[in-house]
Amino acid sequence: EAGVAQSPRYKIIEKRQSVAFWCNPISGHATLYWYQQILGQGPKLLIQFQNNGVVDDSQLPKDRFSAERLKGVDSTLKIQPAKLEDSAVYLCASSPWGSRGLYEQFFGPGTRLTVL
Amino acid sequence: DAKTTQPTSMDCAEGRAANLPCNHSTISGNEYVYWYRQIHSQGPQYIIHGLKNNETNEMASLIITEDRKSSTLILPHATLRDTAVYYCIVRVLRNNAGNMLTFGGGTRLMVKP
């Protein structure tokens, strides 16, 4: 099966600019996650969707970050305006409904964002 | 979710077994132990999980102590492609709507020729 797709793979922007990342989960996966991974640290969850509804966005900096998952498939994560500390890899993951989804998440390759 | 402690880094010779420890002394009775790994420039990858019995799959074995306060991930014959950061995560097996993962710093395993 095709894996989780993310684009772009790399992005360089100036601080205060806006940026958007796109994720296409594995077909049929109901749950979608966005994680932020700062260099040298483990990934940190930003937001979790179940179909097109938000399950958990408690760690999403809502003053500048937004995410949507229209039609319960693709998802977009936006940062507006970006700060230097937003430089990180943004990982998208998905998991299927059912028992396998209880323990396994499938991650995309990530988008590496550099804010100058 | 219980906190985990892992060594920052480890080395292993190619072809030998890699034994990666994880301490989770505050684990609760309904919390599972999960292992993921992240190869350079890739997203994390699920390896294995368990509750109290030892588990084995095609990738690795998971040994959980009887008191469940620590565990060891074993890669029986490490190859250069096993060089990665290995994350030990402890959490309750929730329903599908609550399965976010909390990653710590992990162990950086370097497999050497």
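Coordinates for the structure precede this section.
Criteria and cut-off values
Residues numbered from 1 in each chain as written. Chains lettered and ligands numbered in written order. Predicted model: local features only at pLDDT ≥ 70, side-chain atom pairs only at ≥ 80, totals over all residues. Heavy atoms only, no water. Pairing = 2+ DSSP bridges. Helix = DSSP H or I, 4+ residues; strand = E, 2+ residues; numbered from the N terminus. Axes fitted to C-alpha atoms, helices over the stretch in contact; angles between N-to-C directions. Contact = heavy atoms within 4.5 Å. Buried area = accessible area lost by both parts, 1.4 Å probe. Polar contact = N/O pair within 3.5 Å; in protein donor to acceptor, adjacent residues only side chain to side chain. Nonpolar A, V, L, I, M, F, W, Y, C, P; charged D, E, K, R; others polar. Buried < 20%, exposed > 50% of the residue type's maximum accessible area, 1.4 Å probe, protein only.

## Remarks on the sheet that holds strand 7 (residues 65-68) of chain A
Residues and elements named next belong to chain A. One open sheet accounts for four strands, arranged 1-3-8-7; its pairing is antiparallel. The open sheet has two free edges, formed respectively by strand 1 (5-7) and strand 7, since each of these has just one partner strand. Averaged over all adjacent pairs, the angle separating strand axes in this sheet is 15°, with direction ignored. Sheet analysis places strand 7 next to strand 8 (residues 75-79), joined by four bridges and oriented antiparallel. Following the sheet pairing, Ala-67 is matched in strand 8 by Leu-77.

## Here's the deal with the interface of chain B and chain A
Opposite the 22 residues of chain B that make contact, chain A presents 25 residues. When the two sides are added together, the surface that chain B and chain A hide from each other amounts to roughly 1,800 Å², 53% of it contributed by carbon and sulfur. Viewed at the interface, chain A and chain B are joined by five residue pairs in polar contact (both at pLDDT 80 or more). Counting residues per element, the ones that place at least two in the side of chain B that touches chain A are strand 3 (31-38), strand 4 (45-50) and strand 8 (84-92) of chain B. If you tally residues by element for the side of chain B that touches chain A, the top one is strand 3 of chain B, at three residues. Taken together, the residues of the side of chain B that touches chain A break down into ten nonpolar, ten polar and two charged.

## Some remarks on unusual backbone geometry
Residue Ser7(A) is joined to Pro8(A) through a cis peptide bond whose omega torsion reads -10°. Mapped onto the elements, Pro8(A) comes out in the loop between strand 1 and strand 2 (10-13). Between Gln80(A) and the following residue, Pro81(A), the backbone shows a cis peptide bond with an omega angle of -5°. On the secondary structure map, Pro81(A) appears in the loop between strand 8 and strand 9 (88-95). Positive phi is not limited to glycine here, since Arg16(A) has a value of about 80°. Within the secondary structure, Arg16(A) is located in the loop between strand 2 and strand 3 (19-24). Arg16(A) sits in the exposed class, given a relative accessible area of 63%. Phi at Ser41(B) is positive, roughly 70°, even though this residue is not glycine. Inspection of the secondary structure assignment puts Ser41(B) in the loop between strand 3 and strand 4.

In short, shape yes, function no, at least from these values alone.
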